[in-house]
Amino acid sequence: MGLLFAGASAVAFSLSGVFASGLLDTGWSPGAMVLVRVAIATVVVLPLGIVSLRGDWRPVRKNLGLIAVYGAVSVAGCQFAYFSAVQHMPVGPALLIEYTAPAAVVLWFWLRHGQRPTLATIGGTLLAAVGLVLVLNLISGAPGATAVDPVGIAWALVAMLGVSTYFVINADVDTGLPPLALAAGGLTTATAALGVLGATGLMPLEYGTAPPVYAGTAVPWWLPVVGLGIITAGFAYVAGIAAGRLLGPRLSSFVGLFEVVSAIGFAWLLLGELPQPIQLVGGALILAGVIAVQAGEKRVDASPANAPAGDQPAGDQPASDQPASDQPASDQATGDQQASNQPTGITQTEAR
């Protein structure tokens, strides 16, 4: 289920580029698209988030700071930084920097929590990195592919930190926030932050009502706008949070790389942009990298340090053969991980 949610989230996010492409051709500014996208998602998800709390607002009050960071950094800040980056550098290198987030997540848990990656995880990271380079077609010698600007690199790195924060916060099960509540709070905060950027002129807001064209067919302007809000934001963020809770931040971040691969496929179907063979090879390498990382994560779960109390040597258990909490080993969860690779007590703030 975790892989299913992560894949669905990646596919939903990947549609944003296709929908946005048609709107950009009709005069929409990136800032206007992002603001409308997040605002529509807020309208859809907020009522569901309130219902998911079942009248208990204590998790929200307890995590107000986390929700604010999630919305400002992981949702609004990440998108603003990416669009700022592509104003100074080509899209391909900007995406490459942004999608180094899985490696950053692995490094964070290694340095901050002492979770050393397995050889399978390191190998999967390298495979996925090579695959990403091929999918983005950065070695084809395309004009301007190396024309990078330090300002653009800096913005792309900010976007990468936003993506990393997205995956880390998504996987934090210690907050007590239901996925719908976290998504609703983050989207609401992001809408407010983007609204301030637009009102102050830091983010230009321009839009048009001309019909965009997809696969040779003109559609009403509001149709891709609604798709941006409901599919590529509302559904994508909720599914992404659910995936993080089930897979943990490291594996879910690597599965998220399929957003790039899926975007190539949708560009082919809806915009007529035929992928090159080297991009298909890159997609296969990303898949191989994800499989390797998943194998590495399972190996971590199976290590003695993460084994249930019932699997420990008899000398390590109390004489009664029960855990000290007098609960069955399968129910003893207060000190263990609640996600496959998430440490206890994560309160750091980093995301999409």
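Above: the structure in question.
Figured I'd write up the structure that's included with this text. (Residues numbered from 1 in each chain as written. Predicted model: local features only at pLDDT ≥ 70, side-chain atom pairs only at ≥ 80, totals over all residues. Heavy atoms only, no water.)

1. With respect to unusual backbone geometry
Its identity as a non-glycine residue notwithstanding, Arg54 has a phi of 55°, on the positive side. Along the chain, the position of Arg54 falls in the loop between helix H2 (30-52) and helix H3 (58-62). Notably, Ala215 is not glycine yet its phi reads approximately 50°, a positive angle. Topologically, Ala215 is positioned in the loop between strand S1 (213-214) and strand S2 (217-218). Ala215 sits in the exposed class, given a relative accessible area of 53%. (Helix = DSSP H or I, 4+ residues; strand = E, 2+ residues; numbered from the N terminus. Buried < 20%, exposed > 50% of the residue type's maximum accessible area, 1.4 Å probe, protein only.)

2. A closer look at helix H9 (residues 179-199)
When the terminal C-alpha atoms of H9 are compared, their 30 Å separation across 21 residues agrees well with the 30 Å that a helix rising 1.5 Å per residue should span. For H9, the complete set of buried residues consists of Ala181, Leu182, Ala183, Ala184, Gly185, Gly186, Leu187, Ala190, Leu194, Leu197 and Gly198. Where H9 is buried, its residues contact H2, helix H4 (64-85), helix H8 (150-170) and helix H10 (222-247). Positive backbone phi, at 85°, marks Gly201, one or two positions downstream of H9. (Expected span 1.5 Å × (residues − 1). Contact = heavy atoms within 4.5 Å.)

3. Quick look at the packing of H2 against H10
One way to put it is that H2 packs onto H10 with a least axis distance of 8 Å and a crossing angle of 60°. Judged by the angle between their axes, H2 and H10 are oblique. Regarding H2 and H10, the two cross each other, and that crossing is right-handed. The residues of H10 that touch H2, namely those facing Val36, Arg37, Ile40, Ala41, Val44 and Val45, are Val225, Val226, Leu228, Gly229, Ile230, Thr232, Ala233, Gly234 and Val238. Classifying every residue of the contact of H2 with H10 by side-chain character gives eleven nonpolar, three polar and one charged. (Axes fitted to C-alpha atoms, helices over the stretch in contact; angles between N-to-C directions. Parallel < 35°, antiparallel > 145°, perpendicular 65-115°, else oblique. Left-handed = near helix turned anticlockwise from the far one by under 90°. Nonpolar A, V, L, I, M, F, W, Y, C, P; charged D, E, K, R; others polar.)

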